[in-house]
Amino acid sequence: MTRWDLTYFAAVVILAALLLVSILYGTAPIPLSDVVTAIALNSGLVEGDVSPLHRIVFELRLPRALFAAVIGAGLGIAGVVLQTTTRNDLADPFLFGLSSGAAAGAVFVITVTGDVLGI
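Residues numbered from 1 in each chain as written. Predicted model: local features only at pLDDT ≥ 70, side-chain atom pairs only at ≥ 80, totals over all residues. Heavy atoms only, no water.

Section: the side chain of H54
And step 1. You can see H54 is positioned in helix α3 (residues 52-86).
And step 2. The residues touching H54, leaving out its near neighbours within four places in the chain, are A38, L41 and N42. (Helix = DSSP H or I, 4+ residues; strand = E, 2+ residues; numbered from the N terminus. Contact = heavy atoms within 4.5 Å.)

Okay, here's the thing in structure tokens:
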């Protein structure tokens, strides 16, 4: 194995561990054994009824954890593209006015759709 293979393997292991930690801890912590049981029920390895705990894991915490990982990866890729485009290691979103555009979009959405989506 090369050094890059070990780096990728370590990154995947750390990501999986952080996803598991984000599933375990919330407003009500769930024991690791219950999370493993819920995953086994969902994968069909174990027969049994779907419990409320299963719904908490697969309908609330797992989608949020996966979505956070995808968003983080997207932000990382956007930063790399911005720094590569400008050939500047210190490039930030203010360089192209992206932050100003995002702020203007956020203000527009809040003021126009605030009544529709709820205040």
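Examining the pattern of salt bridges
And step 1. Enumeration over the complete set of coordinates arrives at one salt bridge.
And step 2. With a closest N to O distance of 3.3 Å, R55 and E59 form a salt bridge. Placement of both R55 and E59 in helix α3 is noted, with a separation of four residues, approximately one turn of the helix. (Salt bridge = Lys/Arg side-chain N within 4 Å of Asp/Glu carboxyl O.)

Here we look at the nonpolar core
And step 1. Formed by I23, L24, I30, V35, A38 and V57, the largest nonpolar core amounts to six residues.
And step 2. Only α1 (3-24) and α2 (32-43) provide two or more residues apiece to this core.
And step 3. For I23, the contacting residues outside a window of four places in its chain are I30, V35, V57, R61 and L62. (Core = buried A, V, L, I, M, F, W, Y, C linked by side-chain atoms within 4.5 Å. Buried < 20%, exposed > 50% of the residue type's maximum accessible area, 1.4 Å probe, protein only.)

Describing the environment of F96
And step 1. In this structure, F96 sits in the loop between α3 and α4 (98-117).
And step 2. Counting along the chain gives ten residues from F96 to T86, while the straight-line C-alpha distance between them is 9.7 Å.
And step 3. Excluding residues within four positions of it along the chain, F96 makes contact with L82, T85 and T86.

Observations regarding α3
And step 1. Between its terminal C-alpha atoms α3 stretches 50 Å, which fits the 51 Å expected from 35 residues at 1.5 Å a residue.
And step 2. Along its length, α3 shows its largest kink, about 35 degrees, at R61, and proline P63 lies within four residues downstream of that point.
And step 3. Of all the positions in α3, only H54, V57, R61, A65 and L82 are classed as buried.
And step 4. Where α3 ends, the next residue or the one after it, R87, has phi of about 55 degrees, a positive value. (Expected span 1.5 Å × (residues − 1). Bend = angle between axes of the 7 residues up to and from the residue.)

Let's talk about the packing of aromatic side chains
And step 1. Taken as a whole and assessed by the stated rule, the structure comprises one aromatic pair.
And step 2. When the ring centre of W4 is taken as reference, the NZ or CZ atom of R3 above it lies at 5.5 Å. (Phe/Tyr/Trp six-rings, centres within 6.5 Å; stacked < 30°, edge-to-face > 60°. Lys NZ or Arg CZ within 6 Å of the ring centre and 35° of its normal.)

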